[in-house]
Each structure stands twice: as C-alpha cells, then as structure tokens.
Amino acid sequence: MIQQVPGPGFRPRAAVAMSPEAAGAVLDPESLAALRRVCDLAPLPVLDDLSTPRARAALADADLLVTGWGCPPLDAEVLRAAPRLRAVAHTAGSVRGHVTDACWERGIEVSSAAAANAVPVAEYTLGMILLTGKQVLEQAREYRATRRRAAWLRTPRTVGNHRRTVGILSASLIGRRVIELLRPHDLRVLLHDPYVSDADAAGLGVERVGLAELFARCDTVSVHTPLLPETRGLVSRELIDALPAGAVLINTSRGPVVDQDALTDAVRAGRVRAVLDVTDPEPLPPDHPLWDCEGALITPHLAGSLGNEWRRLADLAVAEIGRWASGAGFAHPVRRERLAFLA
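Residues numbered from 1 in each chain as written. Predicted model: local features only at pLDDT ≥ 70, side-chain atom pairs only at ≥ 80, totals over all residues. Heavy atoms only, no water.

Bringing the pairing of strand β3 (residues 64-67) into the picture now. Alternating positions in β3 separate into two faces, L64 and V66 on one and L65 and T67 on the other, with burial throughout. Strand direction decides the pairing type here: strand β1 (residues 13-17) and β3, joined by 4 bridges, are parallel. Among the inter-strand pairings, A15 is bridged to a residue of β3, identified as L65. In this sheet, strand β4 (residues 87-90) lies alongside β3 in parallel orientation, the contact comprising 4 bridges. (Buried < 20%, exposed > 50% of the residue type's maximum accessible area, 1.4 Å probe, protein only. Helix = DSSP H or I, 4+ residues; strand = E, 2+ residues; numbered from the N terminus. Pairing = 2+ DSSP bridges.)

Turning to the sheet that holds strand β8 (residues 207-208), a few remarks are in order. The strand order β8-β7-β6-β9-β10-β11-β12 describes an open sheet built from 7 strands, whose pairing is parallel. Two strands lie at the open edges of the sheet, namely β8 and β12 (296-298), each paired on one side alone. Against the sheet, helix α8 (residues 173-182) contacts β6 (164-169) and β7 (187-192), and its axis sits at roughly 160 degrees relative to β6. (Contact = heavy atoms within 4.5 Å. Axes fitted to C-alpha atoms, helices over the stretch in contact; angles between N-to-C directions.)

Moving on, we get to the UniProt feature "domain: D-isomer specific 2-hydroxyacid dehydrogenase NAD-binding" (unreviewed entry) in the protein chain. When the UniProt feature table is mapped onto this chain, "domain: D-isomer specific 2-hydroxyacid dehydrogenase NAD-binding" (unreviewed entry) is found at residues 137-303. The span residues 137-303 is 29% helix and 17% strand, and its two end C-alpha atoms sit 18 Å from each other. (UniProt positions renumbered as here; feature names shortened; annotations may be inferred.)

Glancing now at the nonpolar core. With 29 residues, the main nonpolar core has L214, F215, V235, L249, L263, V267 and L290 as its most contacted residues. At the level of secondary structure, the elements contributing two or more residues to this core comprise α10 (211-217), β9 (220-223), α11 (237-242), α12 (260-268), β11 (273-276) and β12. Considering every element that reaches this core, the biggest residue donor is α12, with 4 residues. With residues near it in sequence (within four places) discarded, V235 still touches L169, F215, V223, I240, L249, V257, V258 and D259. (Core = buried A, V, L, I, M, F, W, Y, C linked by side-chain atoms within 4.5 Å.)

Moving on, we get to the sheet that holds β4. With parallel pairing, 5 strands are arranged side by side in an open sheet as β2-β1-β3-β4-β5. Either end of the sheet is taken by a strand with one partner, and the two such strands are β2 (40-41) and β5 (109-111). Taken strand by strand, helix α13 (residues 310-326) contacts β3, β4 and β5, and its axis lies near 170 degrees from that of β3.

Moving on, we come to the state of the cysteines. Tallied over the entire structure, the rule returns 0 disulfides. Considering cysteine sulfurs only, C71 is the nearest to C39, which forms no disulfide, with 15 Å between them. (Disulfide = S-S within 2.5 Å.)

This next bit is on the packing of helix α6 (residues 114-133) against α8. At a minimum axis distance of 8 Å, the contact between α6 and α8 shows a crossing angle of 50 degrees. When the axes of α6 and α8 are compared, the pair comes out oblique. Where α6 crosses over α8, the handedness of that crossing is right-handed. Between α6, through A114, A115, A118, V119, V121, A122, E123, T125, L126 and I129, and α8, the contact on the second element is made entirely by L173, I174, R177, V178, L181 and L182. (Parallel < 35°, antiparallel > 145°, perpendicular 65-115°, else oblique. Left-handed = near helix turned anticlockwise from the far one by under 90°.)

What follows deals with the pairing of β1. Burial analysis of β1 places 4 of its 5 residues in the buried class, which makes it a mostly covered element. Pairing analysis gives 2 bridges linking β1 to β2, with the strands arranged parallel. Among the inter-strand pairings, A14 is bridged to a residue of β2, identified as L41.

Here we take up the environment of P120. Along the polypeptide, P120 turns up in helix α6. Counting along the chain gives 128 residues from P120 to V248, while the straight-line C-alpha distance between them is 20 Å.

Inspection of the secondary structure assignment puts S305 in the loop between β12 and α13. A distance of 2.7 Å separates a polar atom in the side chain of S305 from a polar atom in the side chain of N117. Residues contacting S305, with those up to four places away along its chain left out, are A116, N117, P120, W310 and L313. (Polar contact = N/O pair within 3.5 Å; in protein donor to acceptor, adjacent residues only side chain to side chain.)

Our focus in this paragraph is the packing of aromatic side chains. By the definition in use, this model includes 2 aromatic pairs. When the ring of W324 is compared with that of F330, the centres are 6.4 Å apart and the planes differ by 20 degrees; the resulting orientation is stacked. Take W324 and F330: they sit in the same class, and that class is buried. Members of the aromatic cluster, connected to one another through ring pairs, are F10, W324 and F330. (Phe/Tyr/Trp six-rings, centres within 6.5 Å; stacked < 30°, edge-to-face > 60°.)

Here the focus is the side chain of H98. With respect to the helices, strands and loops of the structure, H98 is situated in the loop between β4 and α5 (101-106). Classification of H98 by relative accessible area gives buried; the value is 3%. A polar atom in the side chain of H98 sits 3.1 Å from the side chain of T67. Filtering out sequence-adjacent residues up to four positions away, H98 remains in contact with T67, C71, P72, P73, L74, V88 and H90.

This part takes up α13. With 17 residues, α13 should cover 24 Å at 1.5 Å per step; its first-to-last C-alpha distance of 25 Å lies within 8% of that length. Here α13 has its buried residues at L313, A314, L316, A317, V318, E320, I321, W324 and A325. Its buried side turned inward, α13 meets α1 (20-26), α2 (29-38), β3, β4, β5 and α6. Trailing α13 by a residue or two, G327 shows a phi angle of about 95 degrees, which is positive. (Expected span 1.5 Å × (residues − 1).)

Axis separation between α6 and α13 bottoms out at 8 Å; the angle between their running directions is 160 degrees. Between α6 and α13, the crossing angle belongs to the class labelled roughly antiparallel. Of the two elements, α6 crosses α13, and the hand of that crossing is right-handed. Contact with α6, carried on its side by A116, N117, V119 and P120, involves R312, L313 and L316 of α13 and no other residues of that element. Here the residues of the contact of α6 with α13 sort into 5 nonpolar, 1 polar and 1 charged. (Nonpolar A, V, L, I, M, F, W, Y, C, P; charged D, E, K, R; others polar.)

What follows is the structure, encoded as structure tokens:
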C-alpha cells in the first residue's frame, strides 16, 4: 500500500502512548473528541507498554504517535514495529525521556507542548516574585501569630516591589515568558544567558549581565536553566554567597542546577530566602533542614501544568497534529541540534 504524505485531505493514523494516569489527566473527553477530528485514533486504552501484541498492531498502522508523561522509549526495536511512523506530538514539555537517537535517525518529526507548559510556570514565578518582594508570607505568618497589625509605617525600605531588581537566569521558553510578564511592573530586570547577545537582550527589554553580576546585583534571582551536564551545580556556593542580604532565590527549573547544601546554609543563617518548586532530591527527605526554615517556601513541583491547565497541553497537541496533517509542519518543532539547550 502506498503511504500518503501530509497535505490537503490527509488524515494520519495515530495512537496514544503514555501512562494511563497521564492520559486521564491530559486527555479529557473533549480533548479526545478534538483529536479524533484531526486523525484516525487507534482504540483506547492508551499504550504504556510498546511490546504487547496490541501495541505492536497499533504501531504497525501508525503515522503519528500522541505521547505524554510515561511514554516508553521509542527505540530502534519499537521503530522496527512502526514502519509508517513519521511524527510524534508530545503533550508535555521535555521529549528526552522517550525520543531516542533512533527517532532522529529515522527523520521522525517531533513536536512538544513545552510552550504551553511554560505559561503556568511563568505565572507561578511572577506570583512568587511579587509576593516575596512584598514579604507577604513572612508578614502573614507574623499576623497569624500576633493577631495584630505591625507598625506598617515603619516598614523597612527593603520591602516592596518598586524598582526591585530581578534577575532571570536563562532566556529559556519559561525565562522569556517571565520577562514578558514582568514588563508591566516597575522592576529592573537583568538577564544572564551566554547564548543571548546584547542586541537580543535589548529586544527583550532587559539588561544582559555576567553570571556573577546577576547574583551580586539582584534582589530576586529566578532560575530557568535546563539541567544539562554543564549546568549541574551552576548556582554555586560562591554565587549564593554573593546574593545581597535578604535576597530571594526562586527555582522552578531542576533541583540539581542549584548547590542545595549551600542554599540550605544561607537560608538557615537567615541571609537569603528561597522559593523552591524543585529540589535535589525530589521530594526532600523528611528530616531535611529546609523543611523547618521559615525563609524557605517549598512546593511539590506544581508550577507546571495541572488541573484545568492540562487542557492547554492537549489543545496545543491537537493544533500541531492538524497543522502537520495539512502539510504545514509543526509550529512547535523540537530539533535534534537544539536538544543540548532544552530541558
């Protein structure tokens, strides 16, 4: 049988490969109906083991895979069972866990919903920047304990968000979105990213600075660096010690990007504050000292898409499949040569 190519009138045959839990979260009935409008979807349940006879039958017929959290690796053996496969539409961010070298060597096109997942992470970051600048968490804790309002007219001038200096570490998808969300606020924004030129930084409306300068000058530093071999421990003890007294470090990227022992020491000493949506390890051991630090806010990796925000991931994947089937190609492609710069 001659295999059709994407273009007008083409309906790809597709299968869903992810964990049942991920499918239940991301692919609600409306999203599944939308998927079926742009492709011929193999019968559910989803594929979470690609070695079973049912999975092999679905793979043999698939032009495209809709993947998500918990998708098994698409290695050479899996691809041998999927001779028609030419595209992967991922309903989450990173594709590192399942798109293998065999996929790139086959020339399979890959799309990711990382741009959609960047939205809630950036919103979380913006909220934490503004809340910590106002010292909302500390003041709420004191208010609860004393049941009376503090002498607000004697508030130190270090409190507040007027012309506070915020540093963004890495102009990733999320970092750029945070910069965009910060624009309406009366804040100075600095950026460190070795791959961004002064001209590009000016276009973003930020000041490009060196890594050491970012930490030395900023009241708040927000980390958006992907975890790569060269970024492990990038936020070192030296950089943490360079933060001004009372500064805030926000990490929504990956725990190992930050020297957690050094950060713990600084927070325990009361010198800096930390907002950590990720830690190393994750979760922290129950007896880790950060749990008991008033200067640390630790959240359970919730900055990314959850609840009604999952719909945004599904909508992006549906749109991508429609574009690809029409011959227009993915709007959010993942390129092999860019993997070294992605989360």
